[in-house]
Amino acid sequence: EAHLDHDLVAEAAAMGLDLPVRTFNGTDVLDSLISTDPAMGSSLLTDQLGQFQSVVIPTLPSGRQLVFNCVSTWGDKDFVGLAGIELFDGHGFPVVLKDVGRQVTADPHSINVLSEYDHDPRTPDKLFDQVNLTRDDLHVWLAPFFPGRAHTITVDMDCKTEISMIRVWNYNKSRLHSSRGVRDMEILLDGIPIFIGEVRRAPGVLTQPEEACEVILFTQDESVLEAVAEHDWLPACLPADSEDEESAEAVEIQVEDGRPPTAGLQVCADSPRGQKTPRAGLDGRPMTRATERQPRGKVCSSLTFTVHSTWGDQFYVGLTALEVLDSSLSPIPRDEVKLDAVPRDLNDLEGVDEDTRILENIFDGVCCTTEDSHMWLAPFIKAPAGNSSCDSAEEIQRNTIHIGFAKPCEVAGFNIWNYNKNEEDTSRGIREFSVHCDDRYISTFLCRKAPGHTHFDFKQLVLLDQPPSESVRRSARAVARLPSRSASKTAGAQKPPLGRPPSGSDRRANADNLIHSPSPNGHELRQQYETPLHPCGFVFKFMFLSTWSDVHYIGLDGIEIYDTSGRGLRPKRAYSNYGSVRDLPGMEADVRSEDSLLKGTPQNARMWLAPYYRQPANFVELVFDQPTQISVIKFWNYSRTPARGVRDVEIYVDDLIIYQGILRQASGQDGGEAVLFTDQPSILERERSLVYQPSPEDLIAFFDESGQWDQRTGNHIPDSSQPERPMT
C-alpha cells in the first residue's frame, strides 16, 4: 500500500490547489481531511425562543443596529471567519457605510486578540470593503472560535433603515479552510431576530460565486427586487477562468531554491512557504497567517510630501485627513508617526495666533467632515514663475509635510481626504504633490478635489506603485488652464444668455488646448463648443440649467463617459445636489435615482428624474477614484416625458468648464447624443452622426406679457415659482 503524506496534501490544499489525489478505494484524500461536524458556539436567542429555535422572516424589517451571531462553523474548532456582508435597503439600493471603522465591530474583534498576533489584516472592517468574492486574506475577517460563547458582528447603520436583502459571503480561502466559515447564523435587528438558519459552505474557488454566498430576502415586491438586481455588481463581475490563479498559487509552493517542501518541513498549513512557524499557539490553537504578498510599497524611515499646486487658491493650502498605509493597506497607528511641515500652519504667519487648523488635525481620526477645526491649513508657497516642474530635484522652497516613523516600515500608499470646508474653499486643497521616501524621489501624484459636502465619503486611495502617467498629468495641467465655474460667474457680463451657445470669441480661449475635428472624409466636424483634447480629472460635473418646458422635474435616461480608446468607463459614484424623485414624500419606492447614471447606456427603463430648480441649478457629479482621460461623453435625454429632458447643459472637470450647449429633446428610439473631446478618426467617424447642432428655433426663446412661450406647442410655459409639484 502506498504511503500518503497527509501533511503535504493538507498544505497544498490550503493553498487552494484542487489535487486529484485518491486512495485505493476511490475516495478523495482531501475529503478525509475536511471535518463536517460543526463546532458550536452560543446562541443569543435560546432564552427568547427556546431549544427549538425558529423565526418567521419579516417583510422589510426596519431598524438601526444589525447583529450577526456566528453560532457554529463548518467544522473548524479554532477559527471562524467571513469574506463579506452586503446590505440592501427597502428601495433595493446598497447600504453604504460612511465610516466602516466606527460602524462595524466584532466580538471577538479578530485574530489579533490572541497574544501571538499583532496587526493581522483580517479585521471586521474588511467585511464591508466591497471585495466579497475573494480568497485574499487582505479582504476577510477571521477570529478565534471559542466553544460555548457568542461570536458577533455588530453593524450600526447610523439611522433607521429598511432591509430588503442581506447577502453573506462565507470564508472562501481554500477548499480545506472553508471549514472556518459560518454554518449556523442568527441575525438580529434592534434586538429582534429576523433570521435563524444555515449559511452555505464556500467552495474554496472563485468560479462558483453562487456557492460562496447566502442570499436572505426580506421582500417579494417585484419593483424592489428589480432595483436590487439593477444595482447588483455580481453578474457583471463573474470570473471567466481560475487556471491563472491556480497556476500562480502553485508557484508559491516552492521555496526559494525551487525545491518543493518535504513532509518533514515544520510549516503551518497556511504559512508562507519556507518559513518555519510554531504549529500551535499558547492555548494549543494551530497558528494561521495571512498569505504574504509581494511588497507593493517602499521600506523607509520617513516620508516627505512636496506640494506643487492647489486647486486654484494662491494663498493657502490644506488637508482634512491623511492615513499612511502599510503593505496590507492598513493604516499605520498614529502613535508611531511624527509630523512636521514647512510652513507648519497658519500660526507661522505674523499676527496669527492660536488658529485651530493645525497640522496634527490630519491625524485626529475625523476624516469625512466639513468642520475646519478638524483640518490643516497653511500659507501656500507658490513656485517661482517659469519653474513649474514637479519632477525635478532642484532645491526650490515649497510646502512640505514630513512624516517620520519610530522604526523603518513598509509604506504602500495613503488614504487622503482633501480640504473640504465648503464648496468655495475646496480650491485650497492639494492638487499635485510628489513623494520622497528617505529623500529618495518616488513619483508625483494627483489629488482629487474635495466635494465641499459629506454626502459621500470623499476618501482617495493613492498607491505608491501606481502613479499617474506623464500623459495623464500633462492632460490634467492643460485642463487646469481652462476657465473655472467661479470665473464664469464673475464674468457674468460676458456669459451668453440662457439657451444661447457661446460666441466664437468665447469658444476660442486657450486655443492651444482645443480640438478641431476633421472627419475622415475631409469635412470638418463642428460642435456647439470647441472642446479641449482629452480632458483629464476626477470629478465630472454636469450642470443642468433648463428643461425643454417642464417646470417641475428634470431628467435623463443615461450618461456614458468613454476613455481615450473609445471604451465605456464606469464612475465610482454619482451625486445629485437635489437627489432624485425617490427623495420626495410618497415617492420613496421610485427607482429613477442618480445611481442609474453610473450604468452607462440606458436599458430596462433605467433613468434619472429629480425635482427641477432654477437657482441653484440642478447638477450631477460622476466621481472617479483615479485621474481619468476621456474622449467622448454621450447623453440620452429623458424619453418617458420628453418635456422633462435637459435642454441647456454645462460640463465641468474638477470645476473647470469644458463644454456648454443644448441637448436634443428625446424623440423615440435614438442612439444618444455625443460630445467629442478627441481627434482620433475612428472615434470621430463612429460618433459623427450623434453630434447635435441645434436648429435656429432651438436657439430662440419667445416671451410676452404672460411669460415664456413654447413655439413647438403654441402654449405658454408655466411659471416655475408655482408651489404645487405634481406627483409622478
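Keep in mind that this is a model prediction, so the values were computed, not measured.

**Q** I keep staring at the overall build of the chain and nothing clicks. Help me out?
**A** Looking only at helices and strands, the chain features 10 helices and 32 strands. In the chain, once contacts between residues fewer than 6 apart in sequence are set aside, the share between residues at least 24 apart is 77%. Accessible area of the chain: about 33,000 Å², with a carbon and sulfur share of 50%.

**Q** When you look at the pattern of salt bridges in this model, what are you seeing that I'm missing?
**A** A pair can form between side chains of opposite charge whenever their charged atoms are brought close. Considering all chains together, one arrives at 30 salt bridges under this definition. Where arginine 357 meets aspartate 355, a salt bridge forms, and the shortest distance between an N and an O atom there is 3.0 Å. Taken individually, arginine 357 and aspartate 355 each receive the classification buried, so the pair is uniform in this respect. Overlapping salt bridges bring together Arg64, Asp99, Arg102, Asp156 and Asp158 as one network.

**Q** Would you explain the nonpolar core in this entry?
**A** Proteins that are soluble and globular tend to have nonpolar side chains buried together. If you look at the biggest cluster of nonpolar residues, it comprises 50 residues, and the most contacted ones within it are Phe542 and Phe544. Of all elements in the fold, only β20 (536-544), β21 (553-562), β23 (573-576), β24 (608-611), β25 (618-629), β26 (632-637), β27 (648-653) and β28 (656-662) reach the threshold of two or more residues within this core. The greatest single-element share of this core, amounting to seven residues, is contributed by β20. Contacts of phenylalanine 544, omitting those with residues within four sequence positions, involve Ile554, Leu556, Ile559, Trp608, Ala617, Asn618, Val620, Val646, Asp648 and Val649. If you look at the next biggest cluster of nonpolar residues, it comprises 34 residues, including Val317, Ile401, Val411 and Ile442.

**Q** Would you mind going over the side chain of glutamate 410 with me for this structure?
**A** If you trace the backbone, glutamate 410 turns up in strand β13 (residues 399-411). Separated by 3.3 Å, the side chain of glutamate 410 and the backbone nitrogen of glycine 297 make a polar contact.

**Q** Looking at this model, I keep getting lost on the packing of aromatic side chains. Mind explaining?
**A** Given two aromatic rings, one states the distance between the centres and the angle between the planes to describe the pair. All chains considered together, the criterion is met by 10 aromatic pairs. Through pairs of rings, three or more aromatic residues link up here, namely Phe305, Phe414, Phe433 and Phe445. It is arginine 431 that lies over the ring of tryptophan 311; its NZ or CZ is 4.6 Å from the centre.

**Q** Looking at this model, I keep getting lost on helix α5 (residues 222-230). Mind explaining?
**A** For α5, the complete set of buried residues consists of Val224, Ala227 and Val228. Considered in projection along α5, the buried side chains sweep an arc of 100° and stay on one side of the axis. Exposed residues on α5 whose side chains face more than 90 degrees from its buried face are Glu222, Glu226 and Ala229.

**Q** What exactly am I supposed to notice about the confidence of the model for the chain here?
**A** Close reading of the predicted structure is inappropriate where its pLDDT is low. Here the chain averages 79 in pLDDT, while 72% of its residues score no lower than 70. Predicted confidence in the chain is weakest over helix α9 (residues 504-507), with a mean pLDDT of 37, and strongest over strand β1 (residues 62-70), with 95. Confidence drops under a pLDDT of 50 for residues 14-26, and excluding neighbours within four residues, the segment shows 32 contacts in the predicted structure. Ignoring residues within four places in sequence, the model shows residues 239-278, a span with pLDDT below 50, making 62 contacts including any to other chains.

**Q** Is there a simple way to explain the pairing of β25 in this structure?
**A** Within a regular strand, the side chains alternate between the two sheet faces. Across the 12 residues that make up β25, a large majority, 10, are buried. Looking at chain direction, β20 and β25 are connected through eight bridges and run antiparallel. Along β25, the bridge assignment pairs methionine 543 with phenylalanine 619. As defined by bridge partners, β23 adjoins β25 across four bridges and the pair is classed as antiparallel. Residue pairing across strands places alanine 574 opposite leucine 622, the latter belonging to β25.

**Q** Please explain unusual backbone geometry as it appears in this structure.
**A** Negative phi is the rule for most residues except glycine; trans is the rule for most peptide bonds. The omega angle of the peptide bond from valine 342 to proline 343 is -15°, so this bond is cis rather than trans. Structurally, proline 343 is set in the loop between β11 (337-342) and β12 (376-379). Note that the residue after glutamine 615, namely proline 616, is joined by a cis bond; omega there is -15°. Residue placement: proline 616 occurs in the loop between β24 and β25. The phi dihedral of histidine 119 is positive, around 60°, even though this residue is not glycine. Examined against the element boundaries, histidine 119 turns out to sit in the loop between β3 (104-107) and β4 (141-144). On the basis of relative accessible area, histidine 119 is assigned to the partly exposed category, the value being 49%.

**Q** Would you mind showing me how to read the sheet that holds β23 here?
**A** The strand order β23-β25-β20-β27-β28 describes an open sheet built from five strands, whose pairing is antiparallel. Strand pairing shows two members of the sheet lacking a second neighbour, β23 and β28, which therefore form its edges. Averaged over all pairs of adjacent strands, the angle between their axes in this sheet comes to 20°, without regard to strand direction. Two elements, β20 and β27, share five bridges in a ladder whose sense is antiparallel. Within the sheet, the bridge partner assigned to phenylalanine 542 lies in β27 and is isoleucine 651.

**Q** Whenever I open this one, the sheet that holds strand β17 (residues 460-463) confuses me. Can you help?
**A** Sheets are built from strands that pair by backbone hydrogen bonding, the pairs being arranged parallel or antiparallel. Across the sheet, which stays open at both edges, the four strands sit in the order β12-β10-β14-β17 with antiparallel pairing between neighbours. Looking at strand neighbours, the two that pair on one side only are β12 and β17, the edges of this open sheet. Sheet twist, expressed as the average angle between the axes of neighbouring strands with direction ignored, equals 40°. Pairing analysis gives four bridges linking strand β10 (residues 316-325) to β12, with the strands arranged antiparallel. If you follow glycine 318 over to β12, its bridge partner there is leucine 377.

**Q** Explain the side chain of threonine 444 here, please?
**A** Relative to the assigned elements, threonine 444 resides in strand β16 (residues 440-446). Residue classification places threonine 444 among the buried positions, given a relative accessible area of 0%.

**Q** Please clarify how the environment of aspartate 129 should be interpreted in this entry.
**A** Tracing the backbone shows aspartate 129 in the loop between β3 and β4. Overall, aspartate 129 belongs to the partly exposed group, its relative accessible area being 25%. Sequence spacing of aspartate 129 and valine 100 is 29 residues, and the spatial spacing of their C-alpha atoms is 8.4 Å. When residues no more than four places from it in sequence are discounted, the contact partners of aspartate 129 are Leu138 and His139. At 2.7 Å, the side chain of aspartate 129 forms a polar contact with the side chain of histidine 139.

**Q** Whenever I open this one, the environment of histidine 91 confuses me. Can you help?
**A** Tracing the chain through its elements places histidine 91 in the loop between β2 (79-89) and α4 (100-103). Through-space distance from the C-alpha of histidine 91 to that of glutamate 226 is 9.7 Å; in sequence the pair is 135 residues apart. What histidine 91 contacts, discounting residues up to four positions off in sequence, is Val224, Ala227, Arg582, Glu588 and Ala589. Reaching out from histidine 91, the side chain makes a polar contact with the backbone oxygen of glutamate 588 at a distance of 2.2 Å.

About the cut-offs
- Residues numbered from 1 in each chain as written.
- Predicted model: local features only at pLDDT ≥ 70, side-chain atom pairs only at ≥ 80, totals over all residues.
- Heavy atoms only, no water.
- Helix = DSSP H or I, 4+ residues; strand = E, 2+ residues; numbered from the N terminus.
- Contact = heavy atoms within 4.5 Å.
- Areas by Shrake-Rupley, 256 points an atom, 1.4 Å probe, with all protein chains shown as cover.
- Salt bridge = Lys/Arg side-chain N within 4 Å of Asp/Glu carboxyl O.
- Buried < 20%, exposed > 50% of the residue type's maximum accessible area, 1.4 Å probe, protein only.
- Core = buried A, V, L, I, M, F, W, Y, C linked by side-chain atoms within 4.5 Å.
- Polar contact = N/O pair within 3.5 Å; in protein donor to acceptor, adjacent residues only side chain to side chain.
- Phe/Tyr/Trp six-rings, centres within 6.5 Å; stacked < 30°, edge-to-face > 60°.
- Lys NZ or Arg CZ within 6 Å of the ring centre and 35° of its normal.
- Arc of directions from axis to C-beta.
- pLDDT = per-residue confidence, 0-100.
- Pairing = 2+ DSSP bridges.
- Axes fitted to C-alpha atoms, helices over the stretch in contact; angles between N-to-C directions.

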